[in-house]
Amino acid sequence: MNIFNMTALQLGEKINKREIGVLEAVKEAVKYIKDTDKKYNAFITVCEEEALGRAEDVQKKINEGKLNGPLAGVPMAVKDNICTSGIKTTCASKMLENFIPAYNAEAIERLYNAGAILLGKLNMDEFAMGSTSETSFFGAVKNPEDTGRSPGGSSGGPAAAVASNEIWYSLGSDTGGSIRQPCSFTGTTGIKPTYGRVSRYGLIAYASSFDQIGPIAKNVSDCAAVLNVISGYDEKDGTSSKSEKGDFLKNLVYGVENMKIGIPREYFEESMDQEVKDAVLNAAKQFEIMGARVEEFSLEAVKYAVPAYYIIASAEASSNLSRYDGIKYGYRAENCKNISELYERSRTDGFGEEVKRRIMLGNFVLSSGYYDAYYNKALRVRNIIKRSFDKAFEKYDIILSPTAPETALKLGESLSDPVKMYSGDIFTVSANLTGLPGMTLPCGRDTAGLPIGLQLIGPAWKESNLIRAGYTFESWSGYREAKR
Amino acid sequence: MIDDKTINHISRLSRLNMNRAEKEKLKKDMEDIINYIGILNEIEVTETEPLPYIFSTSNVFREDVKKESQPVKAVVANAEERTENYFKVPRTIEAGNGK
């Protein structure tokens, strides 16, 4: 029985029926990671010992009937900006190279309670700032689809670990597309939940008004199962929502009849790869054939989304990252004469180039004389974009677009031109500016054989729309199944 | 637009102390980025309120009840320099300046 070809829910079922032991699955998975990950560098830390201990505990609870959820005993791994008690959480930065949290993120706590087995921590862009996973202090992640290419970012490790079958599912975080774009580049499926759906407690902050944790998996069903576990109100996060949680597994229903899908005209006026455009429009046609009503419409102001996003995200980052002072935790420069020198040298040596660039940009747009011209203006643009989406969702259940304008990029080609790299986020950042839920799933391949991602955005708290439409499309098209 | 004075000012605000070469590169990058975000000047915004947060607009209060804190030892263990349960920092008040 090859457990690596199974989805998370399939493995969970076998474990639940005791056809496969948890310890057996964990041991095989750890061995596979050790053999395979040299090629991809998706893992920063593999926590074998903790995983073996937890496996025995979870198996015992399954045997006693105390654990019977669909993901009990299934191994997983999480992005290294999600705090894990007693296990290094580095944010892929020299700054946090030796940081060991004293607590678990709420999402981790909930997964543990559901019987998840954490196998390790996954590589990413430093502090989640980047679109290629090349800014990691621990070296670039490589795309399992083509190791000469980037898996995207910033959740490149979580996407690569699922795409390579090293792990059954993972958690990523999405501030401007950091779950969706890597999924698009690696042929995996991911959800950025509505802002406030999943607690941010224990997620190391980048841009707090955008950050959301979400699942990356082999298909829509697995994503729904993981989202079920991690979502819900948490008093430890002041922006956590009390809105109805629901059971996302119940949204795995085939059929999109009467669903209204809008395609923003403006998105297709942006420069994008012709093969990506064709595949996405073809997917739209498939939705029509399956019974949905699909039409083009005008989504105003979206061309301002990326600049507004980078202003606000950098501003929030400059504030959030001011906590790294070299004293309480994190990298500390040696032999400093006074406290100012300690702050400056610790931060200058501890942060990488892209992180410093965003701190500088953030402090610039917040500084006296520029605040109104940049930061405040970007917040007003954010409101205009939100209204534009609100208006669209009076009419549509889903907005359909590509996830990224291109397929996976070659390693080493993106970092030298930040503006070009930022503009690749054109389709994803709006969901963060507006707090809306977004999903990405594969919808084809280009002539080089690289996966193309389809993005679905829904109204606030309507992940159900995305899951139903995504499930239907996936069942119909069978892209994932065809590949593995 | 981004001159040496601005870069030095922003570096100070950021508590970063980069060398000359790094600063030159940053100056160019920031100029490119600021040119790029200049597109926002096209759009009329005066009629629209700024939107710093999407959904929550009110503060969240809780009862002032004592709860267990994180284990002090594990928290302090992350500091590079410490004495018992204290963080160690360089002297912040210069000695011998008193009159």
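It should be noted that the structure appears before, not after, this text.
Residues numbered from 1 in each chain as written. Chains lettered and ligands numbered in written order. Predicted model: local features only at pLDDT ≥ 70, side-chain atom pairs only at ≥ 80, totals over all residues. Heavy atoms only, no water.

Caption draft 1: Examining the overall build of chain B more closely. If you tally the helices and strands in chain B, you get three helices and two strands. Start at the N end of chain B and walk to the C end: the helices and strands fall as α-α-α-β-β. Taken over C-alpha atoms, the radius of gyration comes to 23 Å for chain B, far larger than the 13 Å a tight globule of 99 residues would show. Overall, the C-alpha framework of chain B stretches about 55 × 45 × 35 Å when taken along its three principal axes. In chain B, which comprises 99 residues, the proportion classed as buried is 26%. Working note: accessible area of chain B is about 7,800 Å², and carbon and sulfur atoms make up 50% of it. (Helix = DSSP H or I, 4+ residues; strand = E, 2+ residues; numbered from the N terminus. Rg over C-alpha atoms; globule rule 2.2 N^0.38 Å. Buried < 20%, exposed > 50% of the residue type's maximum accessible area, 1.4 Å probe, protein only. Areas by Shrake-Rupley, 256 points an atom, 1.4 Å probe, with all protein chains shown as cover.)

Caption draft 2: A look at the pattern of salt bridges. Overall, the coordinates contain 38 salt bridges over all chains when judged by the stated rule. The salt bridge involving Arg180 of chain A is made with Asp174 of chain A; its shortest N-O contact spans 2.9 Å. Relative accessible area serves as the criterion here: at 0%, Asp174 of chain A is assigned to the buried category. Note that Lys25 of chain B is salt-bridged to Asp29 of chain B, the shortest N-O span being 3.1 Å. Of this pair, Lys25 of chain B and Asp29 of chain B both sit in helix α2 (residues 20–37), four residues apart, roughly one helical turn. Through salt bridges that share partners, Glu353, Glu354, Arg357 and Arg358 of chain A together with Lys25 and Asp29 of chain B make up one connected network. (Salt bridge = Lys/Arg side-chain N within 4 Å of Asp/Glu carboxyl O.)

Caption draft 3: Representation of the interface of chain B and chain A within the structure. Contacts between the two partners involve 54 residues from chain B and, on the opposite side, 69 residues from chain A. Both faces considered, chain B and chain A share a buried interface measuring about 5,600 Å² in area, 67% of it formed by carbon and sulfur atoms. Here chain B and chain A share six salt bridges between them. Between Lys303 of chain A and Glu42 of chain B there is a salt bridge whose closest N-O contact spans 3.3 Å. On inspection of chain B and its partner chain A, the count reaches 20 residue pairs in polar contact (both at pLDDT 80 or more). At the level of elements, α1 (4–14), α2 and α3 (72–76) of chain B are the ones that each hand at least two residues to the side of chain B that touches chain A. Ranked by residues supplied to the side of chain B that touches chain A, first place goes to α2 of chain B with 10 residues. Residue composition of the side of chain B that touches chain A, by class: 31 nonpolar, 11 polar and 12 charged. (Contact = heavy atoms within 4.5 Å. Buried area = accessible area lost by both parts, 1.4 Å probe. Polar contact = N/O pair within 3.5 Å; in protein donor to acceptor, adjacent residues only side chain to side chain. Nonpolar A, V, L, I, M, F, W, Y, C, P; charged D, E, K, R; others polar.)

Caption draft 4: Spatial organisation of a nonpolar patch on the surface. A cluster of nonpolar side chains, Tyr254, Ile289 and Trp476 of chain A, forms an exposed patch at the surface whose accessible area comes to about 360 Å². Counting through the fold element by element, Trp476 of chain A comes out in helix α16 (residues 463–477). (Patch = residues over 30% accessible without salt bridge, like charges linked within 9 Å, V, L, I, M, F, W, Y side chains within 5 Å.)

Caption draft 5: Up close: the sheet that holds strand β1 (residues 43–46) of chain A. Residues and elements named next belong to chain A. With mixed pairing, the 11 strands of this open sheet are ordered in space as β1-β3-β2-β4-β6-β5-β10-β11-β9-β7-β8. Of all strands in the sheet, those with a lone pairing partner are β1 and β8 (293–297), marking the two edges. Shown here is a sheet whose adjacent strand axes are inclined to one another by a mean of 30 degrees, direction ignored. Pairing between strand β2 (residues 75–79) and strand β4 (residues 169–174): two bridges, direction parallel. Pairing of Val78 across the sheet is with Leu171, part of β4. With respect to the sheet, helix α2 (residues 22–40) is in contact with β1, β2 and β3 (117–122), its orientation differing from that of β3 by roughly 20 degrees. Each of β2, β3, β4 and β6 (212–217) is contacted by helix α4 (residues 106–113), which is oriented at about 160 degrees to β4, the strand it contacts most. (Pairing = 2+ DSSP bridges. Axes fitted to C-alpha atoms, helices over the stretch in contact; angles between N-to-C directions.)

Caption draft 6: Broad picture of α1 of chain B. Within α1 of chain B, burial applies to Thr6, Ile7, Ile10, Ser11 and Ser14 of chain B. Angular distribution of buried residues about the axis of α1 of chain B spans 130 degrees; they occupy a single face of the element. Every exposed residue of α1 of chain B that faces more than 90 degrees away from the buried side is listed here: Lys5 and Arg12 of chain B. Residues of α1 of chain B that are buried sit in contact with α11 (339–350) and α12 (353–366) of chain A together with α2 of chain B. Once α1 of chain B finishes, Arg15 of chain B follows within two positions and takes phi at roughly 55 degrees, a positive value. (Arc of directions from axis to C-beta.)

Caption draft 7: Fine view of the side chain of Asn228 of chain A. Residues and elements named next belong to chain A. Tracing the backbone shows Asn228 in helix α7 (residues 220–230). Residue classification places Asn228 among the buried residues on the basis of a relative accessible area of 15%. Sequence-distant contacts of Asn228, that is, excluding residues within four places in its chain, are made with Lys245, Gly246, Asp247, Phe248 and Leu249.

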